Amino acid sequence: MTPAPCDLGNSKDSLKNSIINHLRFTLGAYVESASKNDWWVATCLAIRDRVMDHATKSRTLHRQSGVRRVHYLSLEYLMGRLLENNLRNSGLYESTKAALGEMGKDLDALLDCEPDMGLGNGGLGRLAACFMDSLSTVNLPAIGYGIHYEFGLFRQEFVNGKQVEHPDAWMRDGSPWKIARPSYRQTVQLYGRVVQKFDDCGHPRSEWVETKALLGLPWDIPIVGYDSHTVNVLRLWQAQADEDFNFQVFNEGSYVEALRDKAIAETVSKVLYPNDSTESGKELRLVQQYFFVACSLADIVRRFKVGYTLPWSEFPSKAAIQLNDTHPAVAIPELMRILVDLEGLPWNEAWKICQETFAYTNHTLLPEALEMWSVSLFERVLPRHLQIIYQINQLFLEGDVEAKWPGDSEKKRSLSLIEERGGKYVRMANLSVLGSHATNGVAALHTRLLCERLFADFYALYPDRFLNLTNGITFRRWLDVCNPQLSALITETIGESWKKNADLLRNLDPHADDPAFRARYAKIKRDHKVVLAKIIEDECGVTVSPDALFDVQIKRLHEYKRQHLNLLNIVTLYREILDNPNADFHPRVFIFGAKAAPGYFLAKNIIHAINAVAAKVNNDPRVGDKLKVVFLPNYRVSLAEKIIPASDLSEQISTAGKEASGTGNMKLALNGSLTIGTLDGANVEIEEEVGSENIFIFGLTVEEVTELRAKGYNPWDYYWANEKLRNTIDWISSDYFTGNAEEFQPLRRSLLDHGDPYLCLADYQSYVDAQAKVDATYKDQDKWVKMAILNTARVGKFSSDRTILQYAEKVWNLPQVPIGE
Ligand code: C3B
């Protein structure tokens, strides 16, 4: 008997019924007495009901049509909150708001109940989240795979201006968005040793034996696209102890011992490593990587075997696998192990399948971020995988490398998958390039540097495998959700199609000359600044004027991103205001948001320095409203959504050649925040799009940086040559700001004694000059607003829909598969 369909309509009344039903039957609460959190959960579940059908439909259609699917493997997904995004994308925002309103509830107030899903560190994790949104929006068959971390990125607090970390128990109370899929549980092996066996035909086979087993339980999160019925899923693996885990010990009565082992097994998915762009080389991290990769590959292979009776050579025509940086690169030897050891394929056939299946995105050139695993650790955790890597390496060096550069041992050393100097290490980047058919950088400049520098020898060998795919952001979350007022103004002015075709934003261009449009645009900005001013007051206890220029630097704290260069300018301005109280300087609020990796000493020293300077400046009556400095604690996606629409100026000031792309730069420009930036990462392309008259570019170029370093860079030369700079550094490192001159010596030493590795001093004057230009421009509000509008109008290129369609076309060869009602 088919059950009567439940009412999953999109009308206000249907939604009202669903919410009440969930309150009563799922949560066991009375409408009259339910808590705010109950209302939030019930609302999420009502929406989830409406998208699950489409998730099932999407999966079924993808399976039945036999299309190729992309599997995005990423150790990080920085999803943020889901309710508002899902409401706006599915077109249910207004009816849900009305339904709740009739029951005396304010939807916007409920949205704040949702904890951020912060399963990532920074740009790389947020990019993965934007890509998931775009994949569903443009109807591509896709699955995201990752780890179901119990604790996401730490919560940050400042105590006396210093960062203190707290655990982020984002799912302590469960999450209405995730659904357990126990029937797809996987078992993963670790440790053990390898033995040679012979199969029935007398062929040698390697067998991985005496291993420890770990279970992976998948949790699915539906991903709702904008104005599309495709609902893909994000599948996150939770580590569990094997049922039989130490059963022996258990039987012998050592109940507590057996449970201790269970707890150890479950640590694998406990916590996200809080490092951004650096690797720690910890065993647990390697185990995490292998755990989620092995679960995901087993899941992909299961689907291939269940769905088709095709030869293995057809595997790549059904499954594309994208490696988000090298973190999941162990997937390459894992697929080889499956094909050769378990399925009995000949090596060369298996290798061809691997290369056709995998593609790799590189996200950084920083040498310290290039993952290398010590051979001894790798051998202990994954003995069979190490053998496979050695074999891949030998065939490669004796094959393609020898053919191209006969007898050239220097080339072999540079291309080898094994680093031999200073101990033996597996180079995950080289493995990723070699095991893939495509390697891409994330902005034009970054890709050029990959080809010219990091992977120059690979590029010489396989030029066709390299391509650029400039990053993008989802315009739904980063405009529609975070700035609905601007989104509505744009729609009213040029129609709604820009939401699916961002290039149409160019139609706003002529409106920059319309004073009435400018006034409305400016009012929206000011309204957001009022909201942010309230947040600043609540969080930092600092009163700021919404008429000041809001100057924003929000991103991970890292020396290469140069928050300390920003600080040098702030302290320079502070001094100028004291020296020259009548100078015509437009009031400015410097706003920071950044987390530092807990073990990154200098980054923490910089946070402390900014907070110490803020405390002085904000309380100095001689400064008044001219200058305020605030460091908002616990920067995260949901806070970014409040800062970005309120920003006037976007700080993108990394040393040229260091920031692979940046994506915050795109979000801010889209919301009409003008960029002050170096010619680094995607800033280069932002300048091309918005026009050099609508951006403030300063500093050394990549070539100039290289030249300066070759000449021999000495920060002391700049220190002695520039009195303002000298005074600024001396002041910061005096006892003026904290009463203790020792406090910021680490910062001073890094800038002077340790050679200023990120060239802050070299770029200082150029930056200060650019900031003066910003000040002058801001005084002409008409001009400034015009420039801001032109930024919004001209950054359509940076929609992640464009990026994802390029991946689909150039890397994955994926069809768009629209899903019906
Ligand atoms: C980041 C890079 O630092 C950014 O320039 C880039 O925009 C994003 O990735 C997305 O491509 N990145 C990161 O957040 N974490 C890493 N481990 C490496 C790069």
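Residues numbered from 1 in each chain as written. Predicted model: local features only at pLDDT ≥ 70, side-chain atom pairs only at ≥ 80, totals over all residues. Heavy atoms only, no water.

**Here we look at the UniProt feature "modified residue: N6-(pyridoxal phosphate)lysine" (unreviewed entry) in the protein chain**
Test applied: UniProt positions are given in the numbering used here, feature names are shortened, and annotations may be inferred rather than shown by experiment. Only runs of H or I of at least four residues qualify as helices and only runs of E of at least two qualify as strands under DSSP, and these elements are numbered from the N terminus. A 1.4 Å probe rolled over the protein chains alone gives each residue an accessible area, and that area as a share of the maximum for its type sets the label: buried under 20%, exposed over 50%, partly exposed in between. The contact rule is simple, with two residues in contact once any of their heavy atoms fall within 4.5 Å.
The positions UniProt marks with the feature "modified residue: N6-(pyridoxal phosphate)lysine" (unreviewed entry) are K667. Mapped onto the fold, K667 is located in helix 25 (residues 664-670). Classification of K667 by relative accessible area gives buried; the value is 7%. Excluding residues within four positions of it along the chain, K667 makes contact with R126, I473, W478 and I644.

**Comments concerning the environment of L532**
Mapped onto the elements of the fold, L532 is located in helix 21 (residues 515-540). Using a relative accessible area of 0% as the deciding quantity, one classes L532 as buried. Note: C-alpha distance between L532 and P645 (113 residues apart in sequence) is 9.1 Å. Once you skip the residues sitting within four places of it in the chain, L532 turns out to touch F550, I591, L632, K642, I643 and A646.

**What to know about the site of the ligand**
To keep things clear, this is the line we draw: Being near a molecule or strand, for a residue, comes down to having at least one heavy atom within 4 Å of it. We call two N or O atoms a polar contact when they sit within 3.5 Å, provided that within protein one can donate a hydrogen and the other can accept it, with sequence-adjacent residues counted only if both atoms are side-chain atoms. For accessible areas, the Shrake-Rupley method is used with a probe of radius 1.4 Å. Any residue's cover is judged against the shown protein chains and nothing else. Residues are grouped as follows: Ala, Val, Leu, Ile, Met, Phe, Trp, Tyr, Cys and Pro are nonpolar; Asp, Glu, Lys and Arg are charged; all remaining types, including Gly, are polar. Domain segmentation is taken from an automatic or database assignment of domains.
Taken together, 15 residues lie near the ligand, and L124, H363, N471, E659 and G662 sit nearest. Here an oxygen atom of the ligand and a backbone polar atom of A660 are 3.3 Å apart. In the model, an oxygen atom of the ligand is placed 2.8 Å from a nitrogen or oxygen of the G662 main chain. Relative to its free-state accessible area of 420 Å², the ligand is covered by the protein chains to the extent of 96%. A per-class count over the shell around the ligand returns five nonpolar, eight polar and two charged. Split by domain, the shell around the ligand shows at least three residues from each of two domains, domain 2 (66-81 + 116-471 + 806-811) and domain 3 (525-794).

**Let's talk about the domain arrangement of the protein chain**
Selection rule: Take the accessible area each of two parts loses on contact, using a 1.4 Å probe, and add the two losses: that sum is the buried area. Any carboxyl oxygen of Asp or Glu within 4 Å of a side-chain nitrogen of Lys or Arg constitutes a salt bridge here.
Partitioning the protein chain into structural domains gives domain 1 (8-65 + 88-114), domain 2 (66-81 + 116-471 + 806-811) and domain 3 (525-794). Computed from C-alpha atoms alone, the centre-to-centre distance between domain 1 and domain 2 is 35 Å. At the junction of the two partners, domain 1 supplies 22 residues and domain 2 supplies 22 residues. Where domain 1 abuts domain 2, roughly 2000 Å² becomes buried across the two surfaces, and 57% of that area is made up of carbon and sulfur atoms. Among the residues domain 1 hides against domain 2, the three largest losses belong to H62, N89 and E114. Together they make up 33% of the total. The tally of links from domain 1 across to domain 2 stands at one salt bridge. Note that R81 and D112 form a salt bridge whose closest N and O atoms lie 2.9 Å from each other. One can count 13 residue pairs in polar contact (both at pLDDT 80 or more) joining domain 1 with domain 2. At the level of elements, helix 2 (36-65) and helix 3 (83-90) are the ones that each hand at least two residues to the side of domain 1 that touches domain 2. With 16 residues, the single largest contributor to the side of domain 1 that touches domain 2 is helix 2. In terms of residue class, the side of domain 1 that touches domain 2 is made up of nine nonpolar, seven polar and six charged.

**What to know about the pairing of strand 10 (residues 204-209)**
This is how it is decided: Between any two strands, pairing holds if DSSP finds at least two bridges.
Of the strand pairs in this sheet, strand 9 (residues 193-198) and strand 10 are connected by six bridges, and their pairing is antiparallel. The partner of R193 across the bridge, within strand 10, is V209. What sits between strand 9 and strand 10 in their antiparallel hairpin is a turn of five residues, with G202 showing a positive phi close to 85°.

**Let's talk about the pattern of salt bridges**
Counting across every chain of the model gives 54 salt bridges. In this structure, D106 and K97 form a salt bridge, with 3.7 Å as the shortest nitrogen-oxygen distance. When the shortest N-O distance is used, the salt bridge between D538 and K534 registers 2.8 Å. Residue D538 and its partner K534 are located together in helix 21, separated by four residues, close to a single helical turn. Within the structure, one salt-bridge network assembled from shared partners comprises R181, D220, R235, D299, R302 and R303.

**Observations concerning the nonpolar core**
Here is the rule: The term nonpolar core refers to a set of buried residues drawn from Ala, Val, Leu, Ile, Met, Phe, Trp, Tyr and Cys, joined through side-chain atoms within 4.5 Å.
Counting residues in each nonpolar core, the largest one holds 264 residues, and the members touching the most others are F378 and W812. Tallying contributions element by element places helix 9 (residues 283-307) first for this core, with 12 residues. Dropping the residues within four chain positions of it, W812 is found in contact with R68, V70, L135, A320, Q322, I804 and Y807. V51, M52, A55 and V224 belong to the second largest nonpolar core, which has six residues in total.

**Topic: the packing of aromatic side chains**
Put simply, the test is: The rule is short: rings of Phe, Tyr and Trp, with Trp giving its six-membered ring, pair when the centres are within 6.5 Å, and they are stacked under 30 degrees, edge-to-face over 60, tilted in between.
Per the counting criterion, the structure on display carries 30 aromatic pairs. Look at Y713 and Y718: their rings are 5.6 Å apart centre to centre, the planes differ by 50°, and that puts the pair in the tilted class. According to the relative accessible area criterion, Y713 is buried, its value standing at 15%. Under the relative-accessibility criterion, Y718 is labelled partly exposed at 28%. Ring geometry for W731 against F737: centres 5.3 Å apart, planes inclined by 55°, an arrangement best described as tilted. Here the aromatic cluster, defined as three or more aromatic residues joined through ring pairs, consists of Y360, F396, F455, F458, Y459, Y462 and F466.

**So, the side chain of N791**
Residue placement: N791 occurs in helix 32 (residues 781-794). By relative accessible area, N791 is classed as buried at 1%. A polar side-chain atom of N791 sits 2.9 Å from the main-chain carbonyl oxygen of M787.

**Remarks on the sheet that holds strand 21 (residues 588-593)**
Pairing is parallel across the open sheet formed by six strands, whose spatial order is 22-21-20-23-24-25. Where the open sheet ends on each side, the last strands, each with one partner, are strand 22 (627-631) and strand 25 (696-697).

**With respect to helix 12 (residues 347-357)**
Regarding helix 12, the residues found buried are W347, A350, W351, I353, C354, Q355 and T357. Next to the buried residues of helix 12 lie helix 10 (315-318), strand 13 (319-324), helix 11 (331-342), strand 14 (358-361), helix 14 (383-404) and helix 16 (428-434).

**Some remarks on the sheet that holds strand 16 (residues 418-419)**
Here we have three strands laid out as an open sheet, ordered 15-17-16, and antiparallel in their pairing. Two strands lie at the open edges of the sheet, namely strand 15 (372-374) and strand 16, each paired on one side alone. With two bridges connecting them, strand 16 and strand 17 (residues 425-427) associate as antiparallel partners. When the sheet's bridge partners are listed, I418 is paired in strand 17 with V426.

**Looking at the confidence of the model for the protein chain**
Put simply, the rule is: Confidence scores here are pLDDT values: one per residue, from the predictor, ranging 0 to 100.
Summing up the model confidence of the protein chain, the mean pLDDT is 96 and the portion of residues at 70 or higher is 98%. For this predicted complex, the interface confidence score (ipTM) comes to 0.99, while the overall pTM stands at 0.98.

**What to know about the state of the cysteines**
Where we set the bar: What counts as a disulfide here is a pair of cysteine sulfur atoms lying within 2.5 Å.
One pass over the full model with this rule turns up zero disulfides. Looking at the unpaired C295, the closest cysteine sulfur is the one in C354, lying at 18 Å.

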